[in-house]
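Examination of the molecular architecture
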Amino acid sequence: MAVRNIAVTDTLETFRTEFNDLAANDFGDIANLSASITSTNLVDAMNETISIATSTAGWTIEDSSSTQQIIGGGDILRVFGTSNEIEAVVSATDTLTIGLPSVVSITTSVTAPTVSTGNLSLSNGSITDTSGTISFGDENLTSTGTITGATITGTGATHTLGTIEISGNVIRSTDSTEIQINDGLQVVSPLRAGVTTINPAGTSNITSSTGFTVFGSTIVLEAAKALVFEGTTDDDFEVSLNGGDPTADRTITLPDNTGTLITTGSTDAITESMMGPDSIGQNELKSVVQLQILNSSGTPLKTLYGAGA
Amino acid sequence: MAVRQPLYYNSGNLQEMTTTQVAEIVDQVVYQYSLNPSVSLSVVGSGGSLDAITDTRLQAGATSTSATAFPSEATTAEPSVVTVTYDKISETRASVTPTTDTGTTWPVYYTSSGQIQAMTLADVKDTFLHPAIDLLAAGTTTTQQAGTYHINTNTTVSGSTEVSGSNTAIFVDTQADTSLYTAGGIGETLDQPKNVTSYYLFKVDGSNTSFTAPLFVEGSNNLQTYPDATFKSLMQEWIRYTAVSSTDGYSLSYNIGTSGSGNTRGSGIADTRLNGSGNYQTRFVNTDDYRAQEFPNGTPTTINTYYLRINKS
């Protein structure tokens, strides 16, 4: 018996022969139907037969999809598990035990309020282990959410948080040449940037391995702050340089030469070579006196000014 | 009268000269004058420009003779006076054109108002030139009279130079040499003089004394110490000019005579002569020749004393 099919292009003869064969060979001769069957067509006869069978010595089983199977008298109901998923054990008397194997494989998912294995428990939003430690072996952990932990310790060589990579004691950005810290940054040990080191403690807060620190922009000391020089000897005495109390922008330009600055407190500090030509007028002289050189007629030829006694 | 104290450079300071330092400059001015006096005297043969002076002496009277007896003293000629004129000193006055004052020509001084001013020519005269003329015109003959003249009876005088260069006397005082007149020689030459004293003209030698050069106003109106040669030259010009051309009483001149203006210089030139009225002497030559003559006699007496004088006027 096979599926019979009449194509649109088949001939009527084909249709006739197939139909006859269908009736004769596939459906059978109704004359041969059991006399206990009263139905006159094939479908009704089949249904009448099942009804008779189940009502006498069998039963019907149905699964969650409403699929039913008639178990007739003499039939054997075989129950099988699925490897690593479930197992069925038949025991006396008339006992069928359904259980899970020691090793369970679940193809899709397991849903349970709590799943425990060994010391490990998985429950809603929580994985715990009574040993206090959960190891993921050498597996990669991926989360699109947030990982929160009281203590997160990485034992590998390189760790990446977003585009921030931590490798040993090196932190870098994998997609930028600059790491931005949006909050204050406090270090307890020296912070080294290239040749420059910022020391949180000690007497030299900023040092450079080059021997000098270059500031690429203007240095501004806020009010009442001074630039202090320890001087030759690190002792209790320093030289402070402060800005006074300017009432307008002032500019003090250091001279283009080597020497020692002098102040109003300096004494005997100005030498002849420091004085520019034509730089001192009579008004700068103390107790100025005037000396004229006159010709024989008394006409001044030259007037000299000097400090008086 | 404005005698100034010029300023000089003293170890980095300007300092007023002391009167001693000013006097040293005056001495140097005198020395500069001595190097080239503008009023100079020379010894000439005759016709000198200074006045003539005369030497007088006695000579014997003419011899009287007689064939019978000696002429009496009364009739015998008396000794007479011989006069010799000396006019051997000539004065030459140079023509000098000195440097004109530009206003800064002269040394500077410190004024009473505390300024430094160049001296005027009047200041220079009062401070240097006139004091130098005063020294030059003094009666002494030290180095402070260098370049001026004096008379001496010796042919050499320390510190002076005989002017003629050949010991030519400008005056010789003579007297009759009485020893030459003898009775046996009556008919004696009337004038038999002897030189008593010769007088020579000398010029005082200069002495280049040290001095401190003062300051002056140089071309850029700075003060500068005079270069030595510059200051000496300037001073020489002006002392020479002053000595010969001063119009304010400081030109020098010489005169000679028994009297005159100015200070005498050196020895007085004495014209001495015997003062006797005649030494009557006779000589018997033979019975037809009786002679008499009066010889000069007496003691030497100064008839006149002449002086060389230097005068400023």
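Residues numbered from 1 in each chain as written. Chains lettered and ligands numbered in written order. Predicted model: local features only at pLDDT ≥ 70, side-chain atom pairs only at ≥ 80, totals over all residues.

Looking now at unusual backbone geometry. Residues and elements named next belong to chain A. At Asp278, a residue that is not glycine, the phi angle is positive and equals roughly 55°. Following the sequence through the fold, Asp278 ends up in the loop between β15 (239-241) and β16 (289-294). For Asp278, a count of 6 C-beta atoms within 10 Å corresponds to the exposed category. Positive phi is not limited to glycine here, since Ser287 has a value of about 45°. Its location among the elements puts Ser287 in the loop between β15 and β16. (Helix = DSSP H or I, 4+ residues; strand = E, 2+ residues; numbered from the N terminus. Buried ≥ 20, exposed ≤ 12 C-beta atoms within 10 Å, placed from the backbone.)

What follows is about the sheet that holds strand β6 (residues 120-123) of chain A. Residues and elements named next belong to chain A. Taken in spatial order, the three strands make up an open sheet running β5-β6-β7, and their pairing is antiparallel. Single-partner strands in this sheet number two, and they are β5 (114-117) and β7 (126-129). This sheet shows a mean twist of 15° between the axes of neighbouring strands, independent of strand direction. (Pairing = 2+ DSSP bridges. Axes fitted to C-alpha atoms, helices over the stretch in contact; angles between N-to-C directions.)

Let us look at the interface of chain A and chain B. With 10 residues of chain A at the contact, the number on the chain B side is 13 residues. The set of elements that each furnish at least two residues to the side of chain A that touches chain B consists of β16 and β17 (300-306) of chain A. For the side of chain A that touches chain B, the element with the most residues is β16(A), which contributes four residues. Looking at the side of chain A that touches chain B residue by residue, the class counts come to four nonpolar, five polar and one charged. Judged from the two bridges that link them, β16(A) and strand β9 (residues 116-118) of chain B form a sheet pairing that is parallel. By the bridge assignment for β9(B), Leu294(A) is matched with Gln117(B). (Contact = placed C-beta atoms within 7 Å. Nonpolar A, V, L, I, M, F, W, Y, C, P; charged D, E, K, R; others polar.)

Now for the sheet that holds strand β13 (residues 206-208) of chain A. All names here are of chain A. Pairing in this open sheet of three strands is antiparallel, and the strands run β11-β12-β13 from one edge to the other. The two strands at the open ends of the sheet, each matched to only one other strand, are β11 (191-193) and β13. Strand-to-strand twist of the sheet, defined as the mean angle between neighbouring strand axes without regard to direction, takes the value 20°. Of the strand pairs in this sheet, β11 and strand β12 (residues 196-198) are connected by three bridges, and their pairing is antiparallel. Across the sheet, Arg192 pairs through a bridge with Thr197, a residue of β12.

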